[in-house]
Amino acid sequence: MKLVPNASYLFPLLALVAAGCGSSHGHGGPLGHRFEDAEEWAPRWNDPARDEWQKPEHLVELLEIRPGMTVADLGTGTGYFLPHLSRAVGETGTVLALDIEADMIRYVKELAAKGGLANVQARVVPFDDPEIPEGEVDRVLVVNTWHHIPDREAYSKKLARSLAPGGSVAVVDFTLESEHGPPKSERIDPERVAGELRAAGLAVRVVQESLPDQYVVVASRP
Ligand SMILES: C[S@@+](CC[C@H](N)C(=O)[O-])C[C@H]1O[C@@H](n2cnc3c(N)ncnc32)[C@H](O)[C@@H]1O
């Protein structure tokens, strides 16, 4: 059965859309739309009501995130996923919280300190490079961020190199059909995302029905 978001948590989602979450043609020039003020976005992105449609624990299960793993949250924003990822990898694991915006990284460092998320390492990365050493990560989670990356085939190759044996990248974004999410003209067909990741030599599967409004493209190191 397809869940339909109700008004109580649709508001923050609509606000997110209206503010151009999906825009790659905003005021940021070659970097696309910029998210420079974490406090402006945190109430919407970190709204606990988001759990109902984003299903973070379901994603942790789907991606088989296990204790001891190193997981990157690429485009971490205000760190909505960090408590879930931190708990899943446990004391022996590491979560890399990566974003191009210095204020997002400032915010998630404070969030991690306040929440006792000792296994979270947050850092600013360039728009065209996750700067993850070769073979370092078991999972890369990319939620509502893939469409902001300009040259995605080149970027996919960098992500593929960063994966440990058995590692995978998961791109989560709004489906073309969904009534929610960024303007339809700015969404990316999951098959196109799959092609971009496949071009980097990864084995790709598209999961369509797992979340109410989003697809999940999982790309694994063969
Ligand atoms: C719509 S937010 C999503 C935040 C978070 N993933 C979530 O789902 O709550 C997109 C984030 O990606 C970041 N971002 C945009 N382009 C990026 C890039 N090329 N590399 C890393 N982060 C990027 C933005 O600064 C922003 O914080």
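Residues numbered from 1 in each chain as written. Predicted model: local features only at pLDDT ≥ 70, side-chain atom pairs only at ≥ 80, totals over all residues. Heavy atoms only, no water.

**Overview of the overall build of the chain**
- Within the chain, the secondary structure is distributed over 8 helices and 7 strands.
- Counting over 222 residues, the chain shows a buried share of 55%.
- Taking contacts inside the chain between residues at least 6 apart in sequence as the whole, the part at least 24 apart equals 71%.
- Only carbon and sulfur atoms are counted for the fraction: they give 53% of the accessible area of the chain, which is about 9,800 Å². (Helix = DSSP H or I, 4+ residues; strand = E, 2+ residues; numbered from the N terminus. Buried < 20%, exposed > 50% of the residue type's maximum accessible area, 1.4 Å probe, protein only. Contact = heavy atoms within 4.5 Å. Areas by Shrake-Rupley, 256 points an atom, 1.4 Å probe, with all protein chains shown as cover.)

**Re the site of the ligand**
- Around the ligand, 20 residues are found, and the nearest of them are Arg50, Gly75, Asp99, Phe127 and Val143.
- Take Asp99: an N or O atom from its side chain is 2.7 Å from an oxygen atom of the ligand.
- Phe127 places a main-chain nitrogen or oxygen 2.9 Å from a nitrogen atom of the ligand.
- Relative to its free-state accessible area of 600 Å², the ligand is covered by the protein chains to the extent of 99%. (Near = heavy atom within 4 Å. Polar contact = N/O pair within 3.5 Å; in protein donor to acceptor, adjacent residues only side chain to side chain.)

**Examining unusual backbone geometry**
- Of note in this structure, Glu64 is not a glycine but carries a positive phi near 50°.
- Tracing the backbone shows Glu64 in the loop between α4 (56-62) and β1 (70-74).
- If you check the backbone angles, Asn144 has positive phi at about 55° while not being a glycine.
- Its location among the elements puts Asn144 in the loop between β4 (137-143) and α7 (152-162).
- With a relative accessible area of 8%, Asn144 lands in the buried category.

**Some details on the nonpolar core**
- The biggest cluster of nonpolar side chains holds 28 residues, and the ones touching the most others in it are Ile65, Leu85, Leu141 and Val216.
- Counting residues per element, the ones that place at least two in this core are α4, α5 (82-89), β2 (94-99), α6 (102-115), β3 (120-124), β4, β5 (163-174) and β7 (214-220).
- Among the elements that take part in this core, α5 stands out by supplying 4 residues, more than any other.
- Once you skip the residues sitting within four places of it in the chain, Leu141 turns out to touch Leu63, Ala72, Asp73, Leu74, Phe81, Leu85, Ala170 and Val172. (Core = buried A, V, L, I, M, F, W, Y, C linked by side-chain atoms within 4.5 Å.)

**A few points about the pairing of strand β6 (residues 203-207)**
- When β6 meets β7, the two strands line up antiparallel, connected through 5 bridges. Note that in β7 the partner of Ala203 across the bridge is Ser220.
- Turn length for the β6-β7 hairpin, with the two strands adjacent in sequence and antiparallel, is 6 residues. (Pairing = 2+ DSSP bridges.)

**Topic: the pattern of salt bridges**
- Scanning the entire structure with this criterion turns up 8 salt bridges.
- Across the pair Glu101 and Arg34 runs a salt bridge whose closest N-O atoms are separated by 2.6 Å. Placement of Glu101 in the loop between β2 and α6 and of Arg34 in the loop between α1 (7-18) and α2 (38-45) is noted, with a sequence separation of 67 residues between them.
- Linking Glu39 and Arg106 is a salt bridge whose minimum nitrogen-to-oxygen distance equals 2.8 Å. Separated by 67 residues along the polypeptide, Glu39 in helix α2 and Arg106 in helix α6 bring together distant segments of the chain.
- If you follow the salt bridges from partner to partner, you end up with Glu39, Asp103, Arg106 and Glu110 in one network. (Salt bridge = Lys/Arg side-chain N within 4 Å of Asp/Glu carboxyl O.)

**Here we look at the pairing of β7**
- Burial analysis of β7 places 6 of its 7 residues in the buried class, which makes it a mostly covered element.
- Both β5 and β7 contribute to a ladder of 7 bridges, which runs antiparallel. Across the sheet, the residue bridging to Val172 is Val216, located in β7.

**Looking at the environment of Gln121**
- Position of Gln121 relative to the elements: it lies in strand β3.
- Taking C-alpha positions, Gln121 is 7.8 Å from Lys109, a pair spaced 12 residues apart along the chain.
- If near-sequence neighbours (up to four positions away) are discounted, Gln121 is found in contact with Thr94, Val95, Leu96 and Ala97.

**Concerning the packing of α2 against α6**
- It is the contact of α2 with α6, at a shortest axis distance of 10 Å, that shows an interaxial angle of 60°. The angle between α2 and α6 places the two elements in the oblique class. As α2 packs across α6, the resulting crossing turns out to be right-handed. Facing Ala38, Glu39, Trp41, Ala42 and Trp45 of α2, the residues of α6 in contact are Asp103, Met104, Arg106 and Tyr107. (Axes fitted to C-alpha atoms, helices over the stretch in contact; angles between N-to-C directions. Parallel < 35°, antiparallel > 145°, perpendicular 65-115°, else oblique. Left-handed = near helix turned anticlockwise from the far one by under 90°.)

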